[in-house]
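# Examining the three-dimensional arrangement
If you want the building blocks of each chain, they are given just below.
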Amino acid sequence: MSIDINPTHISYIQIFPPIGIARLGDSGFDLSTGNIDDDSEIDWFLPSEIPGTEDMPADLGKFRDEKNRIKRQAVRFRVYAYRENGDILGEITLQTKPTTYNITWRVHVANHKGAWHEFSGQYEPMPNGLRNPDVQPSFRPDQRSDLIVDSKVQTITAGTLEEVSLTGLFRGSRAASVDVHLGEIRTNEQGHLIFIGGAGYSRSVGNPGQAHFQPDIISEFDSIDWVDDTCDGWVDVTVQHGDLTFTALQKSTVLSAPPKFSWGIQSPTTLYDLLENIYNDRIGWKDHDYTQFYQDIWPVMHGSYALSWVNREAYDGHGVSGKGNFLTMKDDLASLEDTTKIQALRDHIFSRLRLPDYEDRVQASTKYMPRLSGNDGDALEPGEPLRPGDPIKRFAAFTRLQYQRFLQWKRGQFLASDAPWSRFTEFDEVPPALQPSFLTRAALEHTVGEPLYPGIEVYWAAREPKMYLFDTSRKDKDPPFRFNHEVVKPGYLGRGLSLPWQSDFDQCNTHWWPSARPDDVINIGDFESKDNVPVEDFIRDIAPKTKKWTRGLRDTPDYPTEYYPGSTDMVRHWQKLGFVVKVPIVIGESPDLPVWAEKERMPIDDPLKHKFQIPFVSA
């Protein structure tokens, strides 16, 4: 949809989303050889740009391409024009009138994992040791060039129907460098920037005679001479119209992260929640003034039910037959009536919430929500002896702003109007004034903001306010979530994450990241009917068929020293694991309970020939 924007009315331009998420996939790549597949193109897709979306994109079909490789989740960046008073003029595209605007995008991404310190959490002392300690040991981490994969600044002009590769070099301990493909950029007919991440390929350069070298993993998170193709960095844009030139007021950020295997399932605290809390604390910004049930409360409660399809403990508490299945209580939870029954329900739920900022050490227990590990390591299970550190910091908690909104809800001080995005199914239908906020939330609501130990999309440094820009001079009301790229250089946001990324995906296998990396699943093949499933039939026949998502991969012992078989298997076989998606099945009759089931799981042909083999499941 083209609109008229008078260039003389433009005071500044901004890119949205301010933080975009791309995800890895092996489409267009042969992970068994470590080579680009010259016989096939990269198959990629864009997620919905409307918040609150649980279903797969309508035109996606499935997550695998014709060769059963995982499609890459891309991210689209748009540019918007504003008046001096902060009013939005609209989106600038190649179709914007009165005459053509020229749009030039610049992207700079990098991977600094190999050059960073050994793994540590936010509340642990920074280790003296560096990853790859024998390579450029006297250099500062950001100067260890042999261990940094840097795409350098790449430029693309909107309307150019070609791809620009984002490739850097990694030397490690070798004499010669190897190419590492971090992704590519392209533009579409509207002039949007499309960022496509890497293939998810991890390897070691420790054997110069073997190009495709994936030895056994022998380190928890700090594998020597290993490199993966995750990355992060910035996106900038320049718009020209005649003699007028506008550069984005602030850069956007792009994060290239592991695939999201639990599709449409939201973490209790997302990066959107984390950033809103940081900006509220620093400059008083928040998305809205009053607690809104369908924006602030219901996503968490509904999300707890959705998580029950990917985590056994969540199923016990919040699943179909759980006492905390909030879907069966929705009308009461959203009610503004001040009855004894409704108030008692609110009081009970609120009493189970863990206080923010580790304020009550008595709450270091699985009794409180969320039942997830925290920013100082694994949560303590009932009866487990204490380990070094502060026990309460081993449990996740909501942000202070989230907690305050739940407190207002408990007191009956909230509104129950529909969320603003519930009226729209297509992004082009969204009024321009709402589009930036929609893009911001949609990009971040399916990320992990808590815990960050180290994290999925970013590591725990993202919790520190010094990482962000706090521009109080802006007059627009759009989300100001901008990393300060004078401080946050390309590669900084992911440098504290696991190296390679598959090690974290293996070892953080309970109460960590079930919204991205499932723990326990039910395969679609265990639903015999596509029709309504009675609750009692589900409880008796289907729920007991829950399986480990990683079944077929070896288990890594809880506290290994040099033995990480599950991480080794994850490096080699991650691309064959299944996706958990919302399927056209419902349970019960009133209310209908949606179903998330595992699909598109592939067989594993393990070269080690260990006994854990996966049967082929075509669903």
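Reading the values: rules and limits
- Residues numbered from 1 in each chain as written.
- Predicted model: local features only at pLDDT ≥ 70, side-chain atom pairs only at ≥ 80, totals over all residues.
- Heavy atoms only, no water.
- Helix = DSSP H or I, 4+ residues; strand = E, 2+ residues; numbered from the N terminus.
- Rg over C-alpha atoms; globule rule 2.2 N^0.38 Å.
- Buried < 20%, exposed > 50% of the residue type's maximum accessible area, 1.4 Å probe, protein only.
- Lys, Arg positive; Asp, Glu negative; His and termini not counted.
- Charge placed at Lys NZ, Arg CZ, Asp CG, Glu CD.
- Core = buried A, V, L, I, M, F, W, Y, C linked by side-chain atoms within 4.5 Å.
- Contact = heavy atoms within 4.5 Å.
- Pairing = 2+ DSSP bridges.
- Axes fitted to C-alpha atoms, helices over the stretch in contact; angles between N-to-C directions.
- Parallel < 35°, antiparallel > 145°, perpendicular 65-115°, else oblique.
- Nonpolar A, V, L, I, M, F, W, Y, C, P; charged D, E, K, R; others polar.
- Expected span 1.5 Å × (residues − 1).
- Polar contact = N/O pair within 3.5 Å; in protein donor to acceptor, adjacent residues only side chain to side chain.
- pLDDT = per-residue confidence, 0-100.
- Salt bridge = Lys/Arg side-chain N within 4 Å of Asp/Glu carboxyl O.
- Phe/Tyr/Trp six-rings, centres within 6.5 Å; stacked < 30°, edge-to-face > 60°.
- Lys NZ or Arg CZ within 6 Å of the ring centre and 35° of its normal.

## Things to note about the overall build of the chain
In terms of regular secondary structure, the chain is built from 10 helices and 23 strands. Here the chain has a C-alpha radius of gyration of 24 Å; the compact-globule value for 619 residues is 25 Å, and the two agree. Here the C-alpha coordinates of the chain stretch approximately 65 × 60 × 50 Å along the principal axes. Evaluated residue by residue, the chain yields a buried proportion of 61% over its 619 residues. In the chain, 67 positive and 90 negative side-chain charges are present, and the distance between their average locations comes to 3 Å.

## Remarks on unusual backbone geometry
Look at the link from Glu450 to Pro451: it is a cis peptide, with omega at -5°. Among the structural elements, Pro451 can be located in the loop between α7 (435-444) and α8 (501-507). The amide bond that connects Ser590 to the next residue, Pro591, takes the cis arrangement and shows omega of 0°. As for its placement among the helices and strands, Pro591 is situated in the loop between β22 (579-587) and β23 (593-599). Here Tyr358, not a glycine, exhibits a phi torsion of approximately 60°, which is positive. When you line up the elements, Tyr358 lands in the loop between α5 (340-351) and α6 (400-410).

## Focus on the nonpolar core
Across soluble globular proteins, you tend to see nonpolar side chains buried next to one another. If you look at the biggest cluster of nonpolar residues, it comprises 74 residues, and the most contacted ones within it are Met301, Trp309, Leu333, Phe406, Trp409, Phe527 and Phe538. Among the elements that make up this core, the one with the highest residue count is helix α2 (residues 293-307) (8 residues). In contact with Trp409, other than residues within four places in its own chain, are Phe293, Ile297, Met301, Leu333, Arg346, Ile349 and Phe414. Counting 42 residues, the second largest nonpolar core, distinct from the first, contains Ile92, Tyr101, Val180 and Val239.

## Digging into the pairing of strand β8 (residues 88-92)
When you tally the buried positions in β8, you get 4 out of 5 residues, the bulk of the element. Of the strand pairs in this sheet, strand β7 (residues 75-82) and β8 are connected by 4 bridges, and their pairing is antiparallel. Opposite Tyr80, over in β8, you have Glu91 as the bridge partner. Hairpin connection from β7 to β8: 5 residues lie between these consecutive antiparallel strands, with Gly86 at a positive phi of about 95°.

## Focus: the packing of α2 against α6
Two numbers describe how α2 lies on α6: the axes approach to 10 Å, and their chain directions differ by 100°. Taken together, the axes of α2 and α6 are roughly perpendicular relative to one another. Residue-level inspection shows Phe293, Asp296, Ile297, Val300 and Met301 of α2 in contact with α6, the latter providing Gln402, Arg405, Phe406 and Trp409. Here the residues of the contact of α2 with α6 are counted per class, giving 6 nonpolar, 1 polar and 2 charged.

## Comments concerning helix α1 (residues 271-283)
In this model α1 runs 18 Å from its N-terminal to its C-terminal C-alpha over 13 residues, within 8% of the 18 Å that 1.5 Å per residue would give. If you follow the buried residues of α1, they end up packed against β2 (19-23), α6 and α7. Its side-chain oxygen at 3.2 Å from the backbone nitrogen of Tyr272, Thr270 defines the N-terminal cap of α1.

## Remarks on the pairing of strand β17 (residues 231-241)
Along β17, 10 of the 11 residues are buried, which leaves the element largely enclosed by surrounding structure. When strand β9 (residues 102-111) meets β17, the two strands line up antiparallel, connected through 9 bridges. Its bridge partner being in β17, Trp105 is matched across the sheet by Val237. Relative to strand β19 (residues 252-257), β17 is paired through 5 bridges, and the arrangement is antiparallel. Counterpart to Gly233 in the pairing with β19 is Val254.

## A short note on the environment of Phe246
Mapped onto the secondary structure, Phe246 falls in strand β18 (residues 244-247). Setting aside chain neighbours within four positions, we find Phe246 in contact with Pro7, Ile10, Ile13, Val237, Thr238 and Val239.

## Quick word on α7
Of all the 10 residues making up α7, 10 are buried; the element is thus mostly covered by neighbouring parts of the structure. The complete set of buried residues in α7 reads Gln435, Pro436, Ser437, Phe438, Leu439, Thr440, Arg441, Ala442, Ala443 and Leu444. Next to the buried residues of α7 lie β1 (12-16), β2, β7, β8, α1 and α2.

## What to know about the side chain of Asp37
Turning to its location among the elements, Asp37 is positioned in the loop between β4 (35-36) and β5 (44-45). Among the polar contacts listed, one links the side chain of Asp37 to the side chain of Arg69, at a separation of 2.6 Å. With near-sequence residues (within four places) excluded, Asp37 lies in contact with Gly28, Phe29, Asp30, Lys67 and Arg69.

## Quick word on the confidence of the model for the chain
Mean pLDDT over the chain: 93, with 97% of residues reaching 70 or higher. The model gives residues 607-619 a pLDDT under 50, and that stretch makes 27 contacts with residues more than four places away or in other chains.

## Things to note about the packing of α1 against α6
It is at 8 Å that the axes of α1 and α6 come closest, and there the two elements cross at 90°. Taken together, α1 and α6 sit at an angle that is classed as roughly perpendicular. Only Arg400, Leu401, Gln402 and Arg405 of α6 make contact with α1, whose side of the interface consists of Asp273, Glu276, Asn277 and Asn280. For the contact of α1 with α6, the residue count by class is 1 nonpolar, 3 polar and 4 charged.

## Topic: the pattern of salt bridges
Pairs can form between side chains of opposite charge once their charged atoms are near each other. One pass over the structure, following the stated rule, counts 37 salt bridges. The salt bridge partner of Arg78 is Glu49, with a shortest N-O separation of 2.8 Å. Here Arg78, found in strand β7, pairs with Glu49, found in the loop between β5 and β6 (72-73); they are 29 residues apart in sequence, far enough to count as distant. In this structure, the salt-bridge partner of Glu91 is Arg78, at a minimum N-O distance of 3.2 Å. Residue Glu91 is found in strand β8, and its partner Arg78 is found in strand β7; the two are separated by 13 residues along the sequence. A network of salt bridges, in which partner residues are shared, links Glu49, Arg76, Arg78 and Glu91.

## Some thoughts on the side chain of Arg495
In this structure, Arg495 sits in the loop between α7 and α8. Although Arg495 lies buried, it forms no salt bridge, and the closest oppositely charged side chain, Asp142, sits 6.2 Å away as judged by the N-O distance. Once residues within four sequence positions are removed from consideration, Arg495 is found in contact with His112, Lys113, Trp116, Arg131 and Tyr459.

## Structural notes on the packing of aromatic side chains
Counted under the stated rule, the structure contains 38 aromatic pairs. When the ring of Trp285 is compared with that of Phe481, the centres are 5.4 Å apart and the planes differ by 80°; the resulting orientation is edge-to-face. Residue Trp285 is located in the loop between α1 and α2, and its partner Phe481 is located in the loop between α7 and α8; the two are separated by 196 residues in the primary sequence. Of the two residues, Trp285 and Phe481, both sit in the buried class. Against the face of Trp234 rests Lys251, its NZ or CZ located 5.0 Å from the ring centre.

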